[in-house]
Amino acid sequence: MKEFKVIEGGVCAAQGFRASGVYCGIKENPTKKNDIAMIVSDVVCNAAGVYTQNKVKGAPVVVTKKNLEKSGGKAKAVIVNSKNANTCNADGEEKADEMCRLTAEALGIKQEEVIVASTGVIGQVLPIEPIKAAVPELVKKLSYEGNVEAATAIMTTDTVKKEYAVEVTLGGKLCRIGGMAKGSGMIHPNMATTLNFITTDAAISSEMVKKALSEIVKVTYNCLSVDGDQSTNDTCVLMANGLAENPEITAEGADFDEFKAALYQVMANLTKMLAKDGEGATKLLTCVCSGAPDLDTAIIVAKSVIRSPLFKCAMFGSDANWGRILCAVGYAEADFDINKVAVDLSSRAGSIHVCENGAGVDFSEETAKTVLTEDEITISVDLNAGDVSATAWGCDLTYDYVKINGDYRS
């Protein structure tokens with residue numbers, strides 16, 4: 001797959017996007033880490049979002065969907081907080097609407113042009129006063145170099161900020177696509193994952209923004225699983241302000257394909273960052289399912305392996321217990337012949353072939369231990385039933401995952 005030039009800047013890499021982040025005190029924190037962020041475009045953007053399909057939806061998800069529908073897929077700003085998910089609260093939508101109103105008023109824009117998101121503890125009432133006090137400061141600190149402040153503000157149990165950006169030439173014009181993400185636990189998506197904000201200065205219509213986002217989410221964020229728990233607040237938003245002045249992409253074609261390829265690189269790398277920073281994780285796991293008859297089969301099988309708790313535990317222990325892989329392949333809800341399946345395990349330290357035609361083969365346990373002790377492991381599953389492949393990402397399951405989630409509200 002084509003590789004695009006990686007650049008700095010995250011959500012501020014594209015022309016015309018400013019960001020900021022501050023500590024407002026939503027939750028008492030002696031280190032005063034940023035807990036609220038803002039992203040603003042100099043001009044109105046064509047925008048689209050995908051969201052959790054959990055029946056329990058955070059109030060910000062409901063409000064953001066409503067705003068984008070009301071505005072006809074237009075947006076100019078994002079306000080997002082951490083530490084409190086604003087979910088399962090009687091006044092949740094009222095508070096999410098108020099966050100939009102405060103932002104719109106401070107920026108002099110329409111309320112429906114604001115995207116709102118929250119992440120953190122579910123079921124605790126969101127205090128609006130700290131947010132109200134923080135909005136003027138967020139606006140004052142908006143900067144074309146404010147991406148780091150914003151990326152750190154959305155972290156919860158994340159141990160590192162997650163940013164990525166690339167350059168792509170469309171219609172002879174240099175365009176940029178960048179993004180930031182947060183997520184470490186409660187990650188098992190369906191239509192989106194965690195909180196993700198992608199910005200671009202490419203000119204692309206609202207309809208094609210929506211199409212590109214939907215197609216790339218399917219093969220990136222939707223192929224991620226840390227712990228099998230789908231969040232209530234999952235949101236992924238793409239905003240395009242057109243300031244690169246390329247001929248607007250309004251239909252499928254070469255430029256749209258190039259845009260999607262660059263968008264894939266950004267979102268796939270953010271997905272890998274989310275997987276590697278899974279709560280308590282020590283290893284990034286990548287499952288590549290090849291030889292599938294179609295894309296859906298490949299995705300289903302790859303995700304089945306990545307989300308298997310027993311397999312994840314085996315990887316934590318550097319144990320080449322390939323039977324757990326084949327077990328997970330076997331209960332995948334897809335149609336293929338298990339007796340044709342082959343499995344390999346690999347890392348920087350080498351590779352081992354552990355299964356052929358659905359049965360085990362001899363391999364060196366010593367070599368296997370060396371391969372699996374590395375911090376990035378690839379599991380290759382060949383269905384030998386076609387020529388389509390897909391990739392899923394996850395992490396190992398460790399003692400620390402239980403520790404982190406045993407007192408998450410503390």
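Going by the structure above, here's the rest.
Residues numbered from 1 in each chain as written. Predicted model: local features only at pLDDT ≥ 70, side-chain atom pairs only at ≥ 80, totals over all residues. Heavy atoms only, no water.

Draft legend 1. A look at the overall build of the protein chain. Across its full length, the protein chain holds 11 helices and 15 strands. Against the 2.2 N^0.38 benchmark of 22 Å for 410 residues, the protein chain shows a C-alpha radius of gyration of 21 Å, consistent with a compact globule. Among the 410 residues that make up the protein chain, the fraction classed as buried is 56%. Residue pairs in contact within the protein chain that sit at least 24 positions apart in sequence constitute 81% of those at least 6 positions apart. Just so you have it, the protein chain exposes about 16,200 Å², and 49% of that area is on carbon and sulfur atoms. The positive charge centre, built from 41 side chains, and the negative charge centre, built from 54, are 5 Å apart in the protein chain. (Helix = DSSP H or I, 4+ residues; strand = E, 2+ residues; numbered from the N terminus. Rg over C-alpha atoms; globule rule 2.2 N^0.38 Å. Buried < 20%, exposed > 50% of the residue type's maximum accessible area, 1.4 Å probe, protein only. Contact = heavy atoms within 4.5 Å. Areas by Shrake-Rupley, 256 points an atom, 1.4 Å probe, with all protein chains shown as cover. Lys, Arg positive; Asp, Glu negative; His and termini not counted. Charge placed at Lys NZ, Arg CZ, Asp CG, Glu CD.)

Draft legend 2. Local environment of the packing of aromatic side chains. Tallied over the full model, the rule gives 1 aromatic pair. Summarising the aromatic geometry, the rings of Phe-316 and Tyr-399 are spaced 5.2 Å apart at their centres and angled 90° between planes, so their arrangement reads as edge-to-face. A residue pair is termed long-range when its members are at least 10 positions apart, and Phe-316 in helix α8 (residues 309-316) and Tyr-399 in helix α11 (residues 399-406) qualify at 83 residues. (Phe/Tyr/Trp six-rings, centres within 6.5 Å; stacked < 30°, edge-to-face > 60°.)

Draft legend 3. Inspection of the pairing of strand β1 (residues 17-22) at higher detail. Of all the 6 residues making up β1, 5 are buried; the element is thus mostly covered by neighbouring parts of the structure. Relative to strand β2 (residues 36-51), β1 runs antiparallel, the two sharing 6 bridges. The residue of β2 that forms the bridge with Ser-20 is Met-38. (Pairing = 2+ DSSP bridges.)

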